[in-house]
Amino acid sequence: MSIVGKSATSAKFRRNRWLLTAILSLYFIYTFMPLFYVITAATKSNQDLFSTFGLWLAEDFQLWENLKTLFTIQDGIFLKWMANTAYYSSVSAIGAALFATFAGYAFAKYSFFGKKLMLALVLGAVMIPQTALVIPMFLMLSNLGLTNTSLAVILPSLVFPPGVFLMWAYIDDAISNELIEAGRVDGAGEFHIFSSIAFRMLMPGFATVLILAFVASWNNYFLPLVMLIKPDMFPITVGLAQLYSTAISGTGGVLLFTVVMTGALVSIVPVIAAFLLMQRFWQGGLGAGGVKA
Amino acid sequence: MTERALKARPRNRVIVNKTIAPYLFLVPFALFFVAFLIVPLIYAFDISLYKKAMVGGVKFVGADNYIKAFADPKFWEGVGVLFKFAFLQIPIMVATALLFALILDSGVVWAKAFFRISFFIPYAVPAVIATLIWSYLYGPAYGPIGQTARFLGYEAPDFVSPEWILGSIANIAQWQYMGYNMIIYFAALQAIPTDLEEASVVDGASAFAFATRIKLPMIVPTIIVTVVFSIIGSLQLFTEPFLIQNMARSVINSNFTPNIYAYNLTFVGQQPNYAAAISFLLGGVIAVVSYVFMLVVNRRNDR
Amino acid sequence: MAVIELRDVRKTFGAVEVIGRVNLTIDDGAFVIFVGPSGSGKSTLLRLVAGLEDATAGQVLIDGADVTHLGPAERQLSMVFQSYALYPTKTVRQNMSFGLEVARLPKAEIKARVDGVADILKLGDYLDRKPRALSGGQRQRVAIGRAIVREPVAFLFDEPLSNLDAALRVEMRIEIAKLHQRLGATMIYVTHDQVEAMTLADQIVVLDKGAIQQIGTPMELYQSPANLFVAQFIGSPKMNVLAVRPDGSALIFADGSRADFGLPVPSSLAHVGFRPEEAQLLPAGQGHLQGVVEVVERLGSDTFAHIGLGGLGIITARMPGNVLNISLGQPVGLGLTMNQLHQFSADGIRLS
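K.L.:
Before we go on, may I ask you to explain the overall build of chain A in this structure?
P.N.:
In terms of regular secondary structure, chain A is built from 14 helices and zero strands. For chain A, the α and β elements follow one another from N to C terminus as α-α-α-α-α-α-α-α-α-α-α-α-α-α. When each of the 293 residues of chain A is scored for burial, the buried share is 47%. Pairs at least 24 apart in sequence give 73% of the contacts found in chain A among residues at least 6 apart.

Written out as structure tokens, the structure is:
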């Protein structure tokens, strides 16, 4: 805790408290406003969307109708998009987190020939622009006939260099060398040490990378945009964007505007909920990694 | 006695030895790293050395694409946009993230956890959706910003006009990423031992003096890392302008950012070879900028 | 320099009372040490004096002025922390100047003071280094320098030697004693190490569970401990204590053995104590109690014999030099002289 002013009850402290809380509250309004807008927009009819005040509800509460439209449009493609997103993100996240954990463990707890070089490569990988990778990947995969498959989206997402760094920093901190040496003295093999001793202690870090990889995959737009052609393979990002451009270009009928907002609402609710529920786990991991950096 | 104990070790279980273990741990990551990073890069580099002609098919042209890219004003226009964007967005975001992290770390405000989490939530929103939502908010006719302005008697600016477009996009990035950086700074500040604060209190420093003269200098390495990653991210700008294009077709041209340029070259212009060269050139720009930045920062630190 | 007074000071953290009612006066120029085991409240008491904690009740006065609601800087106190708490991004010079800069002293004066103190503490060569480039002992001197430079009315030390290795600790103990002689300043020092307390203090305040057990000079505490706690906290090895029941002019021990002293024994006597160097070892069969030597420790300067007294437990005897005629398993007798024993009641209070 801190000591501002002379003691926790002085007038200066109280004034500072009000002032700083007010500043944070203002930014909170800014942060929340778009989310609030999504909620109110999803409850309106298309007509009301354009005529009523954006940040408040209209008399005509249309949320259920909008949801119905959302889930039935184009034969329920939105549900397919949700399923796709969940599937791509979960598989990518688990795989990416596991690979990053293994790799981070190797970097943190071993010294070996080529370590510095590999670390430099991983660091460099973070700097490469997506287009330099995704488009050639597309060309490569289309030669192999793998475009427009879920693998085209999942496999590249298993490479998550920031996760490697995060786990490297975290493992270095969280697991003492002595623990591993004790395991060796006890006769355990390296992998056994990892799975039965180390892994349990890594959970906060692992959870952090898992969530970050999940979010990265969930948010990914460019990769699926390029790799997937058939709409029923789309994740929500690509699907909604397409709905939006159809709505703006006027070809899909004016109904689509509210549907896009409703879709946005439906797609962000689970992620935010997941964040709120998991925040016990990930805050520790992110902290350690950030400190190490 | 000892010999018997040694022989008793099960021989059918594979004991992974210390020297090989790290390589085995790296195999899964390394495999995919090579397959989906190195190989595409090599492939991209390869195709960038070719050109598809109307007549005669694909032929090897060596560095021609790169020379063309280097001299291409469309590319450098895009780079200029990126620089303007980065100079606008990054300082504001870092400053607000630092300010809020310091405020939260000082322990003075109420509902610390509430603010921490709520500021982070936008990071969980996909960039696509954030851009969609803000596009709606920016809407001149039906967007709440415009509505509120008119209610107050003002006219809201045209958020997608050439003057405002970068600010509008920067705003989306600010909304999305401030919380993420703030959490990183907050964690670093929390790691500062409390007796340093007490020493500063004994020295007579106010909380503000302690924050600015002791705490901030201590987290400079963390700040540098986040700025480097922000620079790298900004120079790869694609999603937000790409989507806002729908609303502002005249402002966001086909080469607004180099990534958009490369995309259009591949899928609209059917020139994947040249696109590859553009991408590599962009990668080179990113590498140079990052390297220069770190050089400048490190020189300041050593002083 | 100043007189520091604590009047009826209490401190609670939530429902837990960490410091019970404490009344204490610290004279100008005195070197007072708060000593006690972990959790005794000694650090809390120091922080109350410093102003880093607010007293739940009571007053803190410096030279008669009530400073209870002032912070440490306003009380004009300096503190040396256990972990030194040096600002890592600042050089030694900047660390020492920081407090003065905050107080807006003129640059020339700041430089003069820092240079002066650096001279005293022999930090001149390190002024431009950062803490991470210094050894533990050097960092400690910088922490002390930072405290001196502000010319406070009193210095507060919170276990400053705990993080040093044994040899360095002895060296720095002497440095701190010399510093006190040189500056003549009031110093309040917290430690759990009773050797530091005994060697450095003018006055020792012994604390246990938030209450003052005894205040006195080192010798007073050693020779006339006010209660069992002080008796066994001060002095190493610990004072030997045996539970007794008076019976006329004799004492009955826990295993039933009886020792007659000829003179009437105080009826409220419940514990007797004698320090290891006061133990009277006699040939087997002689003396009031019988025992067997279980462990002998030879340090060259002293010989310690740990003697098992059957059901009464183990006592320690200390003999100077290397005593040759004591060995493992040797039966010995223990003599007790009534008027030389430390006597305590059932509550552990000293009987006068």
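Let's pick the thread back up.
K.L.:
How do you make sense of the confidence of the model for chain B when you look at a structure like this?
P.N.:
A low pLDDT score tells you not to read the predicted coordinates there in detail. All names here are of chain B. Taken residue by residue, chain B gives an average pLDDT of 85. The fraction at 70 or more is 93%. Looking over chain B, one finds the lowest element-wise mean pLDDT in helix 1 (residues 2–7), namely 49, and the highest in helix 4 (residues 73–106), namely 93. Two numbers describe this predicted complex: its pTM, 0.83, and its ipTM, 0.83.

K.L.:
How should unusual backbone geometry be read in this particular structure?
P.N.:
Backbone geometry follows two general trends: most residues other than glycine have a negative phi, and most peptide bonds adopt the trans configuration. All names here are of chain C. With an omega of 0°, the peptide bond running from Ser-236 to Pro-237 counts as cis. Turning to its location among the elements, Pro-237 is positioned in the loop between helix 8 (228–233) and strand 11 (240–247). In this structure, Asp-63 is a non-glycine residue whose phi angle is positive, near 55°. Tracing the backbone through its elements, the reader meets Asp-63 in the loop between strand 4 (57–62) and strand 5 (65–66). Unlike most non-glycine residues, Glu-159 shows phi in positive territory, near 45°.

K.L.:
How should the interface of chain B and chain A be read in this particular structure?
P.N.:
Where interface size is given, it is often the accessible area lost as the parts come together that is meant. Taken together, the contact pairs 82 residues of chain B with 78 residues of chain A. Among the elements that make up the side of chain B that touches chain A, the one with the highest residue count is helix 2 (residues 21–48) of chain B (16 residues). Residue composition of the side of chain B that touches chain A, grouped by class: 65 nonpolar, 15 polar and two charged.

K.L.:
Could you clarify how one ought to interpret the pairing of strand 16 (residues 289–298) of chain C in this entry?
P.N.:
On a regular strand, one side chain projects to one face of the sheet and the next to the other, so that they alternate. All names here are of chain C. Looking at chain direction, strand 16 and strand 19 (residues 331–335) are connected through four bridges and run antiparallel. Bridge pairing in strand 19 links Leu-289 to Leu-334. Where strand 16 and strand 17 (residues 302–308) come together, six bridges link them in antiparallel fashion. Residue pairing across strands places Arg-298 opposite Thr-303, the latter belonging to strand 17. In this antiparallel pair of consecutive strands, strand 16 and strand 17, the connection spans three residues, and Gly-300 shows a positive phi of 90°.

K.L.:
Teacher, can you tell me more about the pairing of strand 11 of chain C here?
P.N.:
Residues and elements named next belong to chain C. Two strands pair when backbone bridges link them, and strand 11 and strand 14 (residues 271–274) are joined in this way by four bridges, in the antiparallel orientation. Note on strand 14: the bridge partner recorded for Val-241 is Gly-273. Pairing analysis gives four bridges linking strand 11 to strand 12 (residues 250–253), with the strands arranged antiparallel. From the neighbouring strand, Pro-246 faces strand 12, where its bridge partner is Leu-251.

K.L.:
Please clarify how the sheet that holds strand 20 (residues 342–344) of chain C should be interpreted in this entry.
P.N.:
Note: strands within a sheet are paired through backbone hydrogen bonds, in either parallel or antiparallel orientation. All names here are of chain C. Read from one edge to the other, the open sheet built from five strands follows the order 13-12-11-14-20, with strand pairing classed as antiparallel. Because the sheet does not close on itself, it has two edges, and the strands there are strand 13 (258–260) and strand 20. Pairs of neighbouring strands in the sheet enclose a mean axial angle of 35°, with direction left out of account. Where strand 14 and strand 20 come together, three bridges link them in antiparallel fashion. Its bridge partner being in strand 20, Val-272 is matched across the sheet by Gln-343.

K.L.:
Just checking my understanding: could you explain the domain arrangement of chain A for this structure?
P.N.:
Residue and element names in this part refer to chain A. What the domain assignment lists for chain A is domain 1 (11–63) and domain 2 (73–292). Listed as interface residues are eight residues of domain 1 and, on the opposing side, eight residues of domain 2. At the level of secondary structure, the elements contributing two or more residues to the side of domain 1 that touches domain 2 comprise helix 1 (11–42) and helix 2 (46–51). Broken down by element, the residue count for the side of domain 1 that touches domain 2 peaks at four residues, all from helix 1. Considered class by class, the residues forming the side of domain 1 that touches domain 2 number five nonpolar, two polar and one charged.

K.L.:
Any chance you could explain the environment of Leu-183 of chain C here in plain terms?
P.N.:
Within the secondary structure layout, Leu-183 of chain C lies in helix 5 (residues 166–183). In this structure the C-alpha to C-alpha distance between Leu-183 of chain C and Gly-29 of chain C, which are 154 residues apart in sequence, comes to 8.8 Å.

K.L.:
What's the story with the nonpolar core in this structure? I'm lost.
P.N.:
If you look at soluble globular proteins, the nonpolar side chains tend to sit buried side by side. Core analysis: the largest hydrophobic core is formed by 264 residues, its most contacted members being Val-260 of chain A together with Ile-278 of chain B. In terms of residue count, the dominant contributor to this core is helix 8 (residues 165–190) of chain B (17 residues). In contact with Ile-278 of chain B, other than residues within four places in its own chain, are Ala-69, Phe-75, Pro-258, Tyr-261, Ala-262 and Leu-265 of chain B. In this structure, Leu-251, Val-265, Leu-281 and Ala-305 of chain C belong to the second largest nonpolar core, which totals 14 residues.

Definitions and cut-offs
By convention here, each chain's residues receive numbers from 1 onward along its written sequence. In the order they appear in the text, chains get letters beginning with A and ligands get numbers beginning with 1. Two thresholds apply to this predicted model, a pLDDT of at least 70 for residue-level local features and 80 or more for giving and counting side-chain atom pairs, whereas whole-chain, interface and lining totals are computed over all residues. Secondary structure is summarised from DSSP: a helix means a run of H or I of at least four residues, a strand means a run of E of at least two, and numbering begins at the N terminus for each. Using C-beta atoms placed from the backbone, we call a residue buried if 20 or more other C-beta atoms fall within 10 Å of its own, exposed if 12 or fewer do, and partly exposed for counts in between. By the convention adopted here, residues are in contact when the distance between their C-beta atoms, placed from the backbone, does not exceed 7 Å. The quantity called pLDDT is the predictor's confidence in a given residue, expressed from 0 to 100. Charged means Asp, Glu, Lys or Arg here, nonpolar means Ala, Val, Leu, Ile, Met, Phe, Trp, Tyr, Cys or Pro, and polar covers whatever is left, Gly included. What makes two strands pair is DSSP finding at least two bridges between them. For helices, the fitted line uses only the C-alpha atoms of the stretch in contact; every axis is such a line through C-alpha atoms, and the angle between N-to-C directions lies from 0 to 180 degrees. Start and end points for every domain follow an automatic or database-based domain assignment. A set of buried Ala, Val, Leu, Ile, Met, Phe, Trp, Tyr and Cys residues, joined to one another through C-beta atoms within 7 Å, is what we call a nonpolar core.

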